[in-house]
Amino acid sequence: MTLFTRDVTVCVLSSGSAGNATYIGDGRAGVLVDCGVATKQILGRLEAAGLVDAPIDAVLLTHEHKDHVGAAGVLSRALRKRGKAVPFYCTAGTRDGMDPRCCPDGLEIIEAGTPFRVRHLIVEPLPVPHDVRDPVSYRVIVGDAPVAVVTDLGKPTALLARALRECRAAVLEFNHDEDMLWNGPYPYHLKQRIRGNHGHLSNTQAAQLLADGLGPRLDHLILAHLSEENNTPQKAMSSARTVLDGAGVLGRVNLQCALQHAALAPVIVAARVC
Ligand SMILES: [Zn+2]
Ligand SMILES: [Zn+2]
């Protein structure tokens, strides 16, 4: 068996409550995880990141909140116009919960916990606790290089920690600082929703998940879905840094915060494939 190396690109195009989209691909096949910003922005930011010709073979939807599926309908038609009908994958719960105006053409129904293939990529939908019908996070595996996008969950789980442990790159939610949320301007019911077991990860909870899921192969960690009102990049980075430092890998892991209004420069991991 011949082994060779292939570069896997991970590019967070947008992250936060105003819209989420991440590209993962190896030059021959690729997927978008979520499409919660306008199609024009998704395609424009891919181009700005040097990924104008990067293949999009599927769009993986995590759940029906608008900041994750808002552009699905328009994007599916735009991709078809560019010459390719691209399947959109989601759980039945996400399909049922989606605003019909967002619904894309070519929806494929998947089940949390059941991996599937997109060309030679293996996609693992992982169940997460969030306040919608059947939400998932995704781990995408190229050769020996898993990459995870884990956002929109109310608490860390053992299953997610296990899935993160093998990863070469991870996009992980660091949504809010508990004190900022509690003392901030949100109404009480919204604070309770965000803090709840089906809301969003605080910096402390995300750090716990990172500590449990930190493995020896992690090269890139991107902090994601930061609240603009209830968090700061400094606070999120500091929480993540403490974990990396404690594990003695602070200098080795490339740590960044994803942005809401621009694409982050792509990160690359080398995958061995046969
Ligand atoms: Zn979200
Ligand atoms: Zn959500």
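In what follows, the structure referred to is the one given above.
Keep in mind the model is a prediction, meaning the values are calculated, not measured.

Parameters and conventions
Residues numbered from 1 in each chain as written. Chains lettered and ligands numbered in written order. Predicted model: local features only at pLDDT ≥ 70, side-chain atom pairs only at ≥ 80, totals over all residues. Helix = DSSP H or I, 4+ residues; strand = E, 2+ residues; numbered from the N terminus. Rg over C-alpha atoms; globule rule 2.2 N^0.38 Å. Buried ≥ 20, exposed ≤ 12 C-beta atoms within 10 Å, placed from the backbone. Contact = placed C-beta atoms within 7 Å. Axes fitted to C-alpha atoms, helices over the stretch in contact; angles between N-to-C directions. Parallel < 35°, antiparallel > 145°, perpendicular 65-115°, else oblique. Left-handed = near helix turned anticlockwise from the far one by under 90°. Pairing = 2+ DSSP bridges. Core = buried A, V, L, I, M, F, W, Y, C linked by C-beta atoms within 7 Å. Arc of directions from axis to C-beta. Nonpolar A, V, L, I, M, F, W, Y, C, P; charged D, E, K, R; others polar.

Caption draft 1: Structural detail: the overall build of the protein chain. Scanning the protein chain from terminus to terminus reveals nine helices and 14 strands. Scaling as 2.2 N^0.38, a compact globule of 274 residues should have a C-alpha radius of gyration of about 19 Å, and the protein chain matches this with 17 Å. Each of the three principal axes of the protein chain carries a C-alpha extent, and together these read 50 × 45 × 35 Å. Going through the 274 residues of the protein chain one by one, you find that 49% of them count as buried. Across the protein chain, contacts joining residues at least 24 apart in sequence account for 68% of those joining residues at least 6 apart.

Caption draft 2: Focus on the packing of helix 5 (residues 158-165) against helix 8 (residues 203-213). It is the contact of helix 5 with helix 8, at a shortest axis distance of 8 Å, that shows an interaxial angle of 55°. Taken as axis vectors, helix 5 and helix 8 run oblique relative to one another. Crossing hand, helix 5 versus helix 8: right-handed. For the pair helix 5 and helix 8, the contacting residues are Leu-160, Ala-161, Leu-164 and Arg-165 in the first and Leu-209, Asp-212 and Gly-213 in the second.

Caption draft 3: Representation of the sheet that holds strand 7 (residues 116-118) within the structure. With mixed pairing, the seven strands of this open sheet are ordered in space as 7-8-9-10-11-12-13. Edge strands, defined here as strands with exactly one partner in the open sheet, are strand 7 and strand 13 (254-257). Neighbour-to-neighbour, the strand axes of the sheet open up by a mean angle of 20°, direction not taken into account. In the sheet, strand 8 (residues 121-127) pairs with strand 9 (residues 136-142) via six bridges, with the strands oriented antiparallel. Note that in strand 9 the partner of Val-123 across the bridge is Val-140.

Caption draft 4: Representation of the nonpolar core within the structure. Ranked by size, the top nonpolar core spans 79 residues in total, and within it Val-59, Ala-170, Val-171 and Leu-172 carry the most contacts. The residues contacting Val-171, other than those within four sequence positions of it, are Val-12, Thr-22, Ala-148, Val-149, Val-150, Ile-222, Ala-224 and Ala-258.

Caption draft 5: Here's a closer look at the environment of Arg-45. Structurally, Arg-45 is set in helix 1 (residues 39-48). The class for Arg-45 is buried, based on 22 C-beta atoms found within 10 Å. Taking the C-alpha atoms as reference points, Arg-45 and Leu-264, 219 residues apart in sequence, are found 9.2 Å from one another. In this structure Arg-45 touches Leu-13, Ser-14 and Ala-263, once residues within four positions along its chain are discounted.

Caption draft 6: Focus on the sheet that holds strand 2 (residues 21-25). Spatial ordering of the open sheet is given by 6-5-4-3-2-1-14, a layout of seven strands whose pairing is mixed. Sheet topology places strand 6 (107-110) and strand 14 (267-273) at the edges, where each strand pairs with a single neighbour. Within the sheet, the average angular offset between the axes of one strand and its neighbour, ignoring direction, is 25°. Contacting strand 1 (4-14) and strand 2, helix 1 crosses the sheet at an angle of about 135° to strand 1.

Caption draft 7: Examining helix 5 more closely. Along helix 5, the residues classified as buried are Leu-160, Ala-163 and Leu-164. Taken end-on, helix 5 shows its buried residues confined to a sector of 100°, consistent with a single buried face. Contacts from the buried residues of helix 5 go to strand 8, strand 9, strand 10 (145-150), strand 11 (169-173) and helix 8.

Caption draft 8: The packing of helix 8 against helix 9 (residues 233-246), seen in detail. Orientation of helix 8 relative to helix 9, taken along the N-to-C sense of each, is 30°, at an axis distance of 9 Å. Of the possible angle classes, the one that applies to helix 8 and helix 9 is roughly parallel. The crossing of helix 8 and helix 9 is right-handed. Contacts from Asn-203, Thr-204, Ala-206, Ala-207, Leu-210 and Ala-211 of helix 8 reach helix 9 at Lys-235, Ala-236, Ser-239, Ala-240, Thr-242 and Val-243. Split into classes, the residues belonging to the contact of helix 8 with helix 9 amount to seven nonpolar, four polar and one charged.

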